[in-house]
Amino acid sequence: MAAGFKQCSKNLNGNKMKSLMFILTCLSLCACTGKQPRDIGGRSNNDVETSDVVDDNKQNLTKKYSDGIFSISYPEDWTVVEKPDVMTNVYIGSEKLNLGFTVLHFETDETFDEIMKEGNASVAQSGQTIASEDEIKINNLKGYRQVIVFSYGDKDYEQISYTFKKNRMFYNIRFGNDPQIMKSNTNTINNIIMHTMYLSIL
C-alpha cells in the first residue's frame, strides 16, 4: 500500500483537482486498515440519523480534534496522526476495532457537481464501485454520502465517504473496512459525522 501511494504521489501534476481526486482514490486502503498509516498511512435530503442496526461497538465521543478549518469528535482511545501524507490532513482510528477514517480538505473554485463528477470518474477508473449515493444534510450543510465497494487481494472492502463543500473549502471524510465491521460500527460512524463542525469561512 505504501509503495502504491508513493506512485500516486508522483502523479501530482496537470489539473490540480483531478490530481487531488486521484490521490483520494489512492488513499482508499488507508481508511480501511484501521491502523496508523505509515508512508501515508443515507438518507436523501435529510439529516443523518443513527441507524437501527445494532452497533455492538458503539463508542462514546469524548475527544475532539480541530485544525482551525474543521473540528471532529472521536472516541478517547482512538489514535490521531496529523498529516500522514502530502494530501491528508489527519487520520484517526482504532487498531483494536480495525476501523479508522481519513479527512482531507482544500480550497477549490470548482463547483460541487464538478468535484463529484471527477471523483466518481476516478473511483470508476480505479475499479471500485459506487454501490449507493445519497444527498444528505448535516448542520445545515449539503453533502453526499457514498458507499463504495471494492476487492483487494482476496478480501472485499466497503467504504463510506462523506463529501461536503462550504464556500471555497472542499471536505472529504472516509471510513472503511470489511463490510461486517462497517455494519457493526454503523452508529459510531454516524455519530462521528453528526459531531463534525465545518469552520471554514473562505
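Structure first, text after, so check above.
To start, this report covers the structure provided alongside it. Keep in mind the model is a prediction, meaning the values are calculated, not measured. (Residues numbered from 1 in each chain as written. Predicted model: local features only at pLDDT ≥ 70, side-chain atom pairs only at ≥ 80, totals over all residues. Heavy atoms only, no water.)

**Remarks on helix H6 (residues 186-194)**
So, point 1. Across the nine residues that make up H6, a large majority, eight, are buried.
So, point 2. Of all the positions in H6, only Thr186, Asn187, Thr188, Ile189, Asn190, Asn191, Ile192 and Ile193 are classed as buried. (Buried < 20%, exposed > 50% of the residue type's maximum accessible area, 1.4 Å probe, protein only. Helix = DSSP H or I, 4+ residues; strand = E, 2+ residues; numbered from the N terminus.)

**Thoughts on the packing of aromatic side chains**
The relative placement of two aromatic rings is captured by the distance of their centres and the angle of their planes.
So, point 1. Scanning the model with the defined rule gives nine aromatic pairs in all.
So, point 2. With a centroid separation of 6.4 Å and 85° between ring planes, the pair formed by Tyr162 and Phe175 is classed as edge-to-face. Highlighted residues: Tyr162 in strand S9 (residues 155-166) and Phe175 in strand S10 (residues 169-177), separated in sequence by 13 residues. No difference in accessibility class separates Tyr162 from Phe175, as the two residues are buried.
So, point 3. Pairwise contacts between aromatic rings join Trp78, Phe101, Tyr162 and Phe175 into one cluster. (Phe/Tyr/Trp six-rings, centres within 6.5 Å; stacked < 30°, edge-to-face > 60°.)

**So, helix H4 (residues 112-125)**
So, point 1. Relative to the 20 Å expected for 14 residues at 1.5 Å per residue, H4 spans 20 Å between its end C-alpha atoms, a close match to the ideal helical length.
So, point 2. Taken residue by residue, H4 has Phe112, Ile115, Met116, Glu118, Gly119, Ser122 and Val123 as its buried positions. Down the axis of H4, the sector holding all buried residues measures 170°, keeping them to one side. Exposed and oriented more than 90 degrees from the buried face of H4 are Asp113, Lys117, Ala124 and Gln125.
So, point 3. In the stretch just after H4, Gly127 is the one whose phi turns positive, near 90°. (Expected span 1.5 Å × (residues − 1). Arc of directions from axis to C-beta.)

**Details of the nonpolar core**
So, point 1. Core analysis: the biggest nonpolar cluster contains 26 residues, and Phe101, Tyr162, Ile173 and Phe175 have the highest contact counts within it.
So, point 2. Those elements that provide at least two residues to this core are strand S3 (70-74), strand S5 (90-94), strand S6 (99-107), strand S7 (129-138), S9, S10 and H6.
So, point 3. Sorting elements by how many residues they give to this core places S10 first, with four residues.
So, point 4. Here Ile173 is in contact with Ile72, Phe101, Thr102, Val103, Ile160, Ser161, Tyr162, Ile193, Thr196 and Tyr198, once residues within four sequence places are set aside. (Core = buried A, V, L, I, M, F, W, Y, C linked by side-chain atoms within 4.5 Å. Contact = heavy atoms within 4.5 Å.)

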